Amino acid sequence: MGNTIKLNVMQEKPVEEDSTDENSWIFTEDKLLFHKDKIKEFQETGVTFPVAFDIDLTNLCGHRCPHCCGSRNISREDKGTNSTHQDFERLKRLLSEIKELGGRSVTYAGGGDPSLYPHFAEILRYTKSLGLDMGMYTNGHILKEECLDAMIDCCTWIRVSLDADSPEIYEIAHGMPGKVFFTVVNNIGRLIERKKVKQKNVTISTCFLIGPKTLKAAYGAAKLSRELGVDHIRIRPYFQMPGDDRTRLQIDETFKFLEKCKELETEGFKVSYPMHRVEWMDDKNRVRKYKKCYAVHFLTSITPDGNVYPCCNMKDRPVTSLGNIKEKSFKDVWYNENRKSISGKIDLRFCPNPCNYEKQVKFLWDIIESGKPVDEYCKEKGLTPPEQKGIHKNFL
């Protein structure tokens with residue numbers, strides 16, 4: 001494959017100032033209003049079955065992103081000889097259990113890259129057959145034909161970690177030779193073309209993690225994404241873990257570049273970024289407006305070794321494991337007193353600040369701590385589920 005990228009540039013259409021940005025609703029806490037039955041159940045009983053599941057199919061990843069939360073995984077250093085994959089038959093039992101007990105969506109993430117799972121296409125089709133909504137993240141590097149078809153046929157959304165506008169920036173962001181950048185870009189194009197041929201409405205987007213060395217490439221990546229024909233690009237800072245400021249940005253400069261990227265929007269292409277995560281680069285803005293995380297009762301994360309965690313941010317903290325599905329069913333793990341105890345005693349000091357579920361956590365805190373039934377609370381606040389298309393309501 002050569003390094004020349006051939007693109008059909010979209011015809012720009014001006015966006016009216018009062019037009020609805022449908023994609024902005026993909027990232028809103030308002031989606032919880034579609035799951036008031038779950039909130040009501042939790043208020044009444046102290047437990048509910050998760051809405052959303054984050055499942056790592058494998059911890060194997062061929063990339064070496066320097067700031068990846070999984071970069072310490074041994075499978076990245078030994079080329080996979082110690083990699084771990086989800087047991088295929090056990091995973092199918094888990095998915096059937098999720099559907100039977102009222103789960104609503106599954107996100108295949110990492111850990112490693114989902115596309116490297118040996119049964120990748122097959123598990124996507126099995127998940128789809130159960131009627132579960134499904135999304136996935138991928139670095140987009142190695143996508144076989146059968147994988148492309150399964151992704152387009154089965155997923156609600158696909159997000160490719162682009163993180164660059166050139167081979168030089170890609171080397172910095174992904175720790176890979178620059179030529180891989182062209183492979184990924186061309187694979188995004190293949191996804192877009194397959195979506196058109198199959199006439200599917202799957203949302204295809206790119207994402208870009210901004211740090212001090214890559215911020216200025218965000219505009220070029222947004223422009224490239226628009227030219228490729230993706231639905232939107234999500235630009236966001238790295239998570240700021242306690243004691244780690246290697247990726248901190250200057251706020252004013254960052255907003256300037258993000259607003260410049262927003263100028264690239266058209267009717268068919270949107271640019272989004274989490275404003276609170278940029279603002280919280282300043283320590284004085286890092287004030288949590290809640291004292292407890294209730295979101296961990298509505299979502300969960302499962303690693304390839306079978307461990308169940310309160311959320312994806314805790315996967316590198318074995319002490320927070322809620323149990324293991326190698327040893328018992330997910331139902332037995334979830335409704336166990338050990339799970340309830342750990343989920344109720346999460347120390348927020350060890351969580352990213354802000355976390356990727358920041359708005360959802362605050363939203364649930366306000367409702368549950370009000371002491372009012374969810375319907376009454378929503379009526380008083382005038383809260384109703386947003387009806388915009390593309391909301392991906394089962395993904396929190």
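All residue numbers refer to position in the chain's written sequence, counted from 1. Per-residue local features of the predicted model are confined to residues with pLDDT of at least 70, and side-chain atom pairs are confined, for both listing and counting, to 80 or more; whole-chain, interface and lining totals are unaffected and use all residues. Note that water and hydrogens are dropped before the side-chain values are worked out from all heavy atoms of the structure.

### Observations regarding the overall build of the protein
Argument step 1. Each helix corresponds to a stretch of at least 4 residues labelled H or I by DSSP, and each strand to a stretch of at least 2 residues labelled E; elements are numbered beginning at the N terminus. When helices and strands are counted, the protein shows 13 helices and 10 strands.
Argument step 2. The classification of residues rests on relative accessible area computed with a 1.4 Å probe and restricted to protein chains. Under 20% of the type maximum is buried, over 50% is exposed, and intermediate values are partly exposed. The proportion of buried residues among the 396 residues of the protein is 55%.
Argument step 3. If you take every contact in the protein between residues at least 6 apart in sequence, the share linking residues at least 24 apart comes to 75%.
Argument step 4. All accessible-area figures derive from a Shrake-Rupley calculation using a 1.4 Å probe, and residue coverage is judged against the displayed protein chains alone. Accessible surface computed for the protein: about 18200 Å², of which carbon and sulfur atoms make up 48%. Pairs of residues are marked as contacts when any of their non-hydrogen atoms sit within 4.5 Å.

### Description of the packing of aromatic side chains
Argument step 1. Each aromatic pair joins two rings of Phe, Tyr and Trp (for Trp, the six-membered one) with centres within 6.5 Å, and gets the label stacked for planes under 30 degrees apart, edge-to-face for over 60, and tilted for any other angle. Taken as a whole and assessed by the stated rule, the structure comprises 12 aromatic pairs.
Argument step 2. Relative to Phe-182, the ring of Phe-181 has its centre 5.5 Å away and its plane inclined at 75 degrees; by these criteria the two rings are edge-to-face. Grouping residues by exposure puts Phe-181 and Phe-182 together as buried.
Argument step 3. Site record: aromatic cluster; members linked through ring pairs are Phe-42, Tyr-294, Phe-298 and Trp-365.
Argument step 4. Lying over the aromatic face of Trp-157, Arg-159 brings its terminal NZ or CZ to 5.6 Å of the ring centre.
Argument step 5. In this scheme, Lys NZ or Arg CZ marks a charge over a ring once it lies within 6 Å of the ring centre and within 35 degrees of the ring normal. Against the face of Tyr-219 rests Lys-260, its NZ or CZ located 4.7 Å from the ring centre.

### Focus on the sheet that holds strand β5 (residues 203–210)
Argument step 1. Ordered in space as β7-β6-β5-β4-β3-β2-β1-β8-β9-β10, the 10 strands form an open sheet in which the pairing is mixed. Edge positions in the sheet fall to β7 (270–272) and β10 (323–324), since each has one partner strand and no second.
Argument step 2. The sheet contact formed by strand β8 (residues 299–302) and strand β9 (residues 307–309) spans two bridges and is antiparallel. Its bridge partner being in β9, Ser-301 is matched across the sheet by Tyr-309. Pairing between strands is defined by DSSP: at least two bridges between the two strands are required.

### Remarks on helix α8 (residues 251–262)
Argument step 1. By this rule, a helix spans an expected 1.5 Å times one less than how many residues it contains. Between its first and last C-alpha atoms α8 spans 16 Å; for 12 residues at 1.5 Å apiece the expected length is 16 Å, and the two agree.
Argument step 2. Listed as buried for α8 are Ile-251, Thr-254, Phe-255, Phe-257, Leu-258 and Cys-261. Relative to the axis of α8, the buried residues are bounded by an arc of 165 degrees and lie together on one face. Across from the buried face of α8, at angles greater than 90 degrees, the exposed residues are Asp-252 and Lys-256.
Argument step 3. Structurally, α8 contributes buried residues whose contacts are with β5, α7 (218–228), β6 (232–237), β7 and α9 (275–279). The arc in question is traced by the directions running from the helix axis to the C-beta atoms.

### Some words on helix α4 (residues 145–154)
Argument step 1. Of all 10 residues that make up α4, seven are buried, and the element is covered over most of its length.
Argument step 2. The set of residues buried in α4 consists of Cys-147, Leu-148, Ala-150, Met-151, Ile-152, Asp-153 and Cys-154.
Argument step 3. Where the residues of α4 are buried, they touch α3 (120–129), β3 (133–138), β4 (157–161), α6 (179–198) and β5.

### A word on the pairing of β6
Argument step 1. The buried count for β6 comes to six of six residues, which makes it a mostly enclosed element.
Argument step 2. Bridge count for β5 against β6 is six bridges, and the pairing is parallel. Following the sheet pairing, Leu-209 is matched in β6 by Arg-236.
Argument step 3. Crossover handedness is defined by viewing with both strands directed away from the observer: a clockwise path from the first strand over the helix to the second marks the crossover as right-handed. Since β5 and β6 lie parallel, the crossover through α7 that links them has a hand, and here it is right-handed.
Argument step 4. Bridge count for β6 against β7 is three bridges, and the pairing is parallel. Residue pairing in the sheet places His-232 in a bridge with Lys-270 of β7.

### A short note on the nonpolar core
Argument step 1. As used here, the term nonpolar core means buried Ala, Val, Leu, Ile, Met, Phe, Trp, Tyr and Cys residues forming a set that is joined through side-chain atoms within 4.5 Å. Ile-55, Leu-95, Tyr-108, Ile-158, Leu-191, Ile-235 and Phe-330 are the most contacted members of the largest nonpolar core, which has 78 residues in total.
Argument step 2. Residues within four places of Phe-330 in sequence aside, it is in contact with Phe-49, Pro-50, Phe-53, Leu-94, Glu-97, Thr-300, Ile-302, Val-308 and Ile-325.
Argument step 3. Phe-42, Met-314, Tyr-377 and Cys-378 belong to the second-largest nonpolar core, a separate cluster that totals 31 residues.

### Focus on the confidence of the model for the protein
Argument step 1. Scored between 0 and 100, pLDDT is the confidence that the predictor attaches to each residue. Residues of the protein with pLDDT of at least 70 account for 86%, and the chain-wide mean is 86.
Argument step 2. By mean pLDDT, the top-scoring element of the protein is α3 (98), and the lowest-scoring one is α9 (80).
Argument step 3. Within the model, pLDDT remains below 50 along residues 6–23, and this stretch shows 26 contacts once partners closer than five positions in the same chain are excluded.
Argument step 4. Counted against residues more than four places away or in other chains, residues 71–82, with its pLDDT under 50, gives 22 contacts.

### With respect to unusual backbone geometry
Argument step 1. The omega angle of the peptide bond from Gly-110 to Gly-111 is 5 degrees, so this bond is cis rather than trans.
Argument step 2. Relative to the helices and strands, Gly-111 resides in the loop between β2 (105–109) and α3.
Argument step 3. Even without a glycine there, the phi angle at Asp-163 is positive, about 60 degrees.
Argument step 4. Here Asp-163 is to be found in the loop between β4 and α5 (167–174).
Argument step 5. At Gln-199, a position not held by glycine, the phi torsion is positive, near 55 degrees.
Argument step 6. Inspection of the secondary structure assignment puts Gln-199 in the loop between α6 and β5.
Argument step 7. The exposure class of Gln-199 is exposed, given its relative accessible area of 72%.

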